[in-house]
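Remarks on the overall topology
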Amino acid sequence: MIHLDWAKRPTIREIKCVHTNAEKYMVDRALTGGKMYELKNETEEFYFVIDNTGKIGGYYKEYFVG
């Protein structure tokens, strides 16, 4: 159960949020465009970062660069 200790794991790298224009979800409540986020895990479709709430969140890769 890797998700239980993601916040404590070393950061893989930092990635920059380029936009929060989501079609379906309210991403702008948890991400800020132009801000750098700590990448904790990655899949083919998602980045798992520590977002503005201080918790791990999974977001589509289209919101980030880096």
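Everything below is about the structure printed above this text.
Right, let's walk through the structure included here. Values in this document were obtained by computation on a predicted structure and should not be read as measured data. (Residues numbered from 1 in each chain as written. Predicted model: local features only at pLDDT ≥ 70, side-chain atom pairs only at ≥ 80, totals over all residues. Heavy atoms only, no water.)

1. A look at the overall build of the protein
The secondary structure content of the protein amounts to 0 helices and 5 strands. From first element to last, N terminus to C terminus, the protein shows the α and β order β-β-β-β-β. With respect to the principal axes defined by its C-alpha atoms, the protein has extents near 30 × 25 × 20 Å. When each of the 66 residues of the protein is scored for burial, the buried share is 27%. Within the protein, contacts between residues separated by at least 24 positions form 40% of all contacts whose residues are at least 6 apart in sequence. For the protein, the accessible surface area stands at approximately 4,600 Å², while carbon and sulfur atoms represent 50% of it. (Helix = DSSP H or I, 4+ residues; strand = E, 2+ residues; numbered from the N terminus. Buried < 20%, exposed > 50% of the residue type's maximum accessible area, 1.4 Å probe, protein only. Contact = heavy atoms within 4.5 Å. Areas by Shrake-Rupley, 256 points an atom, 1.4 Å probe, with all protein chains shown as cover.)

2. A look at the sheet that holds strand β2 (residues 36–42)
Overall, antiparallel pairing links the 5 strands, which are arranged β4-β3-β2-β1-β5 in an open sheet. Two strands in the sheet have a free side with no partner beyond their single neighbour: β4 (56–60) and β5 (64–65). Strand direction decides the pairing type here: strand β1 (residues 13–17) and β5, joined by 2 bridges, are antiparallel. Residue K16 lies in a different strand from β5, and its bridge partner there is V65. (Pairing = 2+ DSSP bridges.)

3. Regarding the pattern of salt bridges
Under the counting rule described, the total for this entry stands at 4 salt bridges. Between E38 and K40 there is a salt bridge; the shortest N-O distance is 3.5 Å. Residue classification places E38 among the partly exposed positions, given a relative accessible area of 32%. Overall, the relative accessible area of 7% leaves K40 in the buried class. Residues E42 and K61 are paired through a salt bridge, measuring 3.0 Å at the closest nitrogen-oxygen approach. With E42 in strand β2 and K61 in the loop between β4 and β5, the pair connects residues that are 19 residues apart, well separated along the chain. (Salt bridge = Lys/Arg side-chain N within 4 Å of Asp/Glu carboxyl O.)

4. Remarks on the pairing of β4
Residues of β4 alternate between two faces, with G57 and Y59 buried on one and I56, G58 and Y60 left unburied on the opposite face. Note: strand β3 (residues 46–50) against β4, 5 bridges, orientation antiparallel. Bridged to F46 within β4 is Y60. Counting the residues in the hairpin turn of β3 and β4 gives 5 residues, including G54, whose phi is positive at 90°.

Geometric descriptors of this kind do not, in isolation, establish any biological role.
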